[in-house]
Amino acid sequence: MGVTELRSAARRIFDAAVKAVDPAEAIRRHLVRHGGRLAIGREVVELSGGGRIVVVGLGKAGAPMAVAVEEILGDRITRGVVVTKYGHAQATRTIRIHEAAHPVPDDAGVAGAEAVLDHVRGLEGNDLVLVLISGGGSALTPAPVDGITLTEKQALTKALLACGADIREMNTLRKHISRIKGGQLARAAAPARVFTLILSDIVGDPLDAIASGPTVPDPTTYADALGILDKYHIRETIPTSIRRHLEAGASGRIPETPKPDDPLFERVKSVMVASNIQALEASKIEAQRLGFPAVILSSFIEGETREIARMHAALALEVRASGNPAPPPLCLITGGETTVTLKGAGKGGRNQEFALAAALDIAGVPEVVILSAGTDGTDGPTDAAGALVDGATVTRALGLGLTPRAALDGNDAYPFFERLGDLLITGPTRTNVMDVRLVLVGVPR
């Protein structure tokens, strides 16, 4: 199998991963109606009591999740609104789809967050709220506390993205300047019953971090938020209103977010409907179907993108040199989400940067293909999910007058791969379970 066939196989394996975490199918597996009863995960809810059913959602997978809920509950839905990313809407009947910006929030996101809060206010104990959560939900629904503007929240988001803060750190900050995150959506919906159906985009699937945990207890504190600012030396550079709010919270002058011992969570349940490991397992099955023995190494990969890329390239070199951890043909699979510390002003995303860094280390090595792509179909502020590279990528780039090292140093992978035709373009997949990375090593000719 040559490089062309390896590249084709990599794309098919990635497509199988995305298909396996289709949000609508995930909802159908975990939300089943039996006449007057509704099974939600392992819980059963009686629908015959006549209470209202309200559906709210936030995240990139919100539209297909809403479509599936409508198929299951039909006219039993009283009202609903789901906030998703621009270009991710689908046709619905009762549940309104509201689009907003990601990853930097905008005014449409503020309006969407207010609509979500309005939908759950004034409910009673026999009412049911279904909350549809998926990746991107935190940025899509900004509801800043009084005294903090959207512009100031945008500035904080940009500062955190630029300094390399991971998603858990970003969400710790977001929860402590928001009226919807960190369990506060559940507080707004009380005393209604709340069931949250979650499609995870966070390593390890921590409920409090996915979309900043709007319906689960928040174990983080204002002091934690300040510690993150100090870790990256940005406390004095973020907007003054945010710093003062966090400092007031840390000193006890502002109430904390709801904690695990809050009785409001006695009527709140969470169900995980899809996650990264499911995508990786589907990748493994497809790789084996295509004739590649496959090994899932981890779904917990985090860290600086280019360093993680060098590790993956080293694995490919080891397979080629010694046959470890298994001889070729072989497909190595990892998942998770890395971070990029921006040093240049270029255009790209973590998966494109990963691919470019890996290409430098496998330059000249035959029968090796590396793919890195986001399951949501968008990598950073680009229309690409990621990129594919092989041992000839650097040579081809030099032949076109491109400078791979300069592109990497400038965080400018998108135009580099665009010239090569090596961007992986899927369009919006309307799902989001972080990234899939594939290392395919073929048998030398």
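As shown above, the structure is provided for reference.
All values derive from a computational prediction rather than experimental measurement.

Participant: Summarise the packing of aromatic side chains; cite the residues concerned and give the values.
Facilitator: In the structure shown here, the tally under the stated rule is 1 aromatic pair. Judged by centre distance (5.1 Å) and plane angle (85 degrees), the rings of Phe416 and Phe417 are edge-to-face. Of the residues examined, Phe416 reaches a relative accessible area of 3% and is grouped as buried. One Lys or Arg, Lys347, reaches over the ring of Tyr414 and ends 4.3 Å from the middle of that ring.

Participant: Can you explain the sheet that holds strand β3 (residues 43-46)? Please cite residues and give values.
Facilitator: The strand order across the open sheet formed by 3 strands is β1-β2-β3, and the pairing between neighbours is antiparallel. Each having just a single partner strand, β1 (31-34) and β3 make up the two edges of the open sheet. Between one strand axis and the next, the sheet turns through 25 degrees on average, direction left out of account. Contacts from helix α3 (residues 62-73) reach β1 and β2 (37-40) within the one sheet, and its direction differs from that of β1 by about 10 degrees.

Participant: With reference to specific residues and values, describe the nonpolar core.
Facilitator: Within the largest apolar cluster, 56 residues are counted, with the highest numbers of intra-cluster contacts made by Val69 and Leu438. Once you skip the residues sitting within four places of it in the chain, Leu438 turns out to touch Ala10, Ile13, Phe14, Ser283, Cys331, Leu332, Ile333, Val369, Ile370 and Leu371. Within the second largest apolar cluster, 35 residues are counted, among which are Leu332, Val365, Val394 and Tyr414.

Participant: So, unusual backbone geometry: which residues are in play, and what are the values?
Facilitator: Note the cis peptide between His102 and Pro103, where omega equals 10 degrees. Here Pro103 shows up in the loop between β6 (95-100) and α4 (107-120). The step from Ala190 to Pro191 runs through a cis peptide bond, and the omega angle for that step is 10 degrees. Inspection of the secondary structure puts Pro191 in the loop between α8 (184-189) and β8 (193-199). A positive phi is found at Asp205, a non-glycine position, where the angle reads about 55 degrees. Within the fold, Asp205 resides in the loop between β8 and α9 (222-231). A positive phi is found at Arg430, a non-glycine position, where the angle reads about 60 degrees. With respect to the helices and strands, Arg430 occurs in the loop between β14 (423-424) and β15 (435-441).

The rules we used
Residues numbered from 1 in each chain as written. Predicted model: local features only at pLDDT ≥ 70, side-chain atom pairs only at ≥ 80, totals over all residues. Heavy atoms only, no water. Phe/Tyr/Trp six-rings, centres within 6.5 Å; stacked < 30°, edge-to-face > 60°. Buried < 20%, exposed > 50% of the residue type's maximum accessible area, 1.4 Å probe, protein only. Lys NZ or Arg CZ within 6 Å of the ring centre and 35° of its normal. Pairing = 2+ DSSP bridges. Helix = DSSP H or I, 4+ residues; strand = E, 2+ residues; numbered from the N terminus. Axes fitted to C-alpha atoms, helices over the stretch in contact; angles between N-to-C directions. Contact = heavy atoms within 4.5 Å. Core = buried A, V, L, I, M, F, W, Y, C linked by side-chain atoms within 4.5 Å.

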